[in-house]
Amino acid sequence: MTKLATTLIQGSNGSDDAHTGAVSAPLYFSTAFRHPGLGASTGFDYSRLTEPTRALLEQQLATIEHGSQALATSSGMAAIDLVFSTFTKTGDQIIASDDLYGGTFRYFDTRKANYKIDYTTWDGRAIEDLVAKITPATKLIWLETPSNPTMKIIDIQAVATAVHAVRDDILLAVDNTFLTPVYQTPLTTGADLVVHSATKYLGGHNDILAGAVIAKTDALAEALRAQLTTTGQVLDPFDSWLLLRSLKTLSVRMHAHTANAQFLAKGLATLPAVSKVLYAGQGGMISFYLTENTDVNAFLQHLAVCSFAESLGGVESLVTVPDVQTHHDMPIAQRRALGITPNLIRLSVGLEDKEDLLADLTQALAAAGK
Ligand SMILES: *Cc1c(COP(=O)(O)O)cnc(C)c1O
């Protein structure tokens, strides 16, 4: 296999050599595919099952995450639902790291209320504590690292080794939205499943809603595919094509996000309005706390380059307040225990000029002094 940057760019090149030699993959809108005869198929029958453009995307996603197969879904939440609806049933228990995307907790709560699939959380620190939470009902472990929004790091390999030593049929799933395969490939360090909100870095331009599940083995992938065919939350052809196009620049973008974020993490730490900066060292996500003397709303209103908007991973820099936005559905006591407070700001560092970004944050913070 070529190196990642090459694979990302060349992956779908040559896919149409049998017809036109197109360098950019063709986009097929057809929902139905003609059969050569009774019991015969071109490999494509009906687009909920498989579709040529989505199939190219899925091949590319599987390759870059080192999985056997991938499934492209209509959103990140659809990808999360695909994993849980395929592999968990009433009476099962799951264990999740405690600092997760807020929508994932909302999803776990509905599974608990409607299907009696219990979940418990682990603080992501001592692995013995995680192992102690495993019961005969434990079906799946769910991790997000670095965590969202407080940037805790979990050693995936250490978790995989400890969990699989207890029982090798417990599935380990990692939401790899923040670091992407440019910085982290969980399937090479013991995970069974990787999930993405491809709306974020994989898409990268704040213009595609998409998700993906990548499975380590064909057996896991076939179970997921059977469920996806049943429920139909697949990614449509046009968004599949856009995502395939976005992936070509993933490596370039991630390294540029990191360079900008490293610069801003340093710069923010020197500002009087900032009491603490949380940054994992790579990727484009930074969280920081404002001092008590800073008016959060005034800060948001004075931003001129960064947008106050609720997403991440795109070329445009976005600022959110997790306490009132992404994590608002989490009980307040849990938010406070995790350090999600009203003065915690999450910044998705985009690809604008780094000095423009620091100047924008600096002037907005200066204007927000109380
Ligand atoms: C946004 C996000 C999701 C949900 O994905 P959607 O594409 O919005 O459905 C899941 N996990 C993480 C880490 C996210 O940031």
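About the cut-offs
Residues numbered from 1 in each chain as written. Predicted model: local features only at pLDDT ≥ 70, side-chain atom pairs only at ≥ 80, totals over all residues. Heavy atoms only, no water. Buried < 20%, exposed > 50% of the residue type's maximum accessible area, 1.4 Å probe, protein only. Helix = DSSP H or I, 4+ residues; strand = E, 2+ residues; numbered from the N terminus. Arc of directions from axis to C-beta. Polar contact = N/O pair within 3.5 Å; in protein donor to acceptor, adjacent residues only side chain to side chain. Salt bridge = Lys/Arg side-chain N within 4 Å of Asp/Glu carboxyl O. Pairing = 2+ DSSP bridges. Axes fitted to C-alpha atoms, helices over the stretch in contact; angles between N-to-C directions. Left-handed = near helix turned anticlockwise from the far one by under 90°. Contact = heavy atoms within 4.5 Å. Nonpolar A, V, L, I, M, F, W, Y, C, P; charged D, E, K, R; others polar. Right-handed = clockwise from strand over helix to strand, strands pointing away.

### Quick word on helix α6 (residues 156-166)
Because each turn of an α-helix spans 3.6 residues, side chains separated by three or four positions end up pointing in the same direction. Buried within α6 we find Ile156, Val159, Ala160 and Val163. Relative to the axis of α6, the buried residues are bounded by an arc of 100° and lie together on one face. Facing away from the buried side of α6 by more than 90 degrees, the exposed set consists of Thr161 and Ala165. You can read the cap of α6 off the contacts: a side-chain oxygen lies 3.2 Å from the backbone nitrogen of Gln157, and it is on Asp155.

### Details of the pattern of salt bridges
Pairs can form between side chains of opposite charge whenever their charged atoms are close. Throughout the structure, instances matching the rule amount to nine salt bridges. The residue Asp98 makes a salt bridge to Lys152 at a minimum N-O spacing of 2.9 Å. Placement of Asp98 in the loop between β2 (93-97) and α4 (102-115) and of Lys152 in the loop between β4 (138-144) and α6 is noted, with a sequence separation of 54 residues between them. Comparing Asp98 with Lys152, the two get one shared label, buried. Here Asp323 makes a salt bridge to Arg336, at a shortest N to O gap of 2.9 Å. Note that Asp323 is positioned in the loop between β11 (318-320) and α12 (332-338) and Arg336 in helix α12, a separation of 13 residues in sequence. Accessibility expressed as a relative area gives 5% for Asp323, which makes it buried. By relative accessible area, Arg336 is classed as partly exposed at 32%. The network of salt bridges with common partners includes Arg54, Glu58 and Arg225.

### Quick word on the sheet that holds strand β8 (residues 274-279)
Judged by pairing direction, the sheet is mixed, and its five strands sit side by side in the order β8-β9-β12-β11-β10 without closing on themselves. Both outer strands of the open sheet, β8 and β10 (307-308), are each paired with one neighbouring strand and no more. With two bridges connecting them, β10 and β11 associate as parallel partners. Its bridge partner lying in β11, Ser307 is registered against Leu318.

### Some remarks on the pairing of strand β1 (residues 69-73)
Within β1, five of the five residues are buried, leaving the element largely enclosed by the surrounding structure. Burial of the side chains of β1 extends over both faces: Gln69, Leu71 and Thr73 are buried on one face and Ala70 and Ala72 on the other. Direction of pairing for β1 relative to strand β7 (residues 211-215): antiparallel, over a ladder of five bridges. If you follow Ala72 over to β7, its bridge partner there is Ala212.

### With respect to the packing of helix α3 (residues 76-87) against α4
Two numbers describe how α3 lies on α4: the axes approach to 11 Å, and their chain directions differ by 35°. As α3 packs across α4, the resulting crossing turns out to be right-handed. Facing Met77, Ile80, Asp81, Phe84 and Ser85 of α3, the residues of α4 in contact are Gly103, Thr104, Tyr107, Phe108 and Arg111. Across the contact of α3 with α4, the residue classes tally to five nonpolar, three polar and two charged.

### Regarding the pairing of strand β3 (residues 118-122)
Of the strand pairs in this sheet, β2 and β3 are connected by five bridges, and their pairing is parallel. Bridging across to β3, Ser97 finds its partner in Trp122. Running through α4, the crossover from β2 to the neighbouring parallel element β3 is right-handed.

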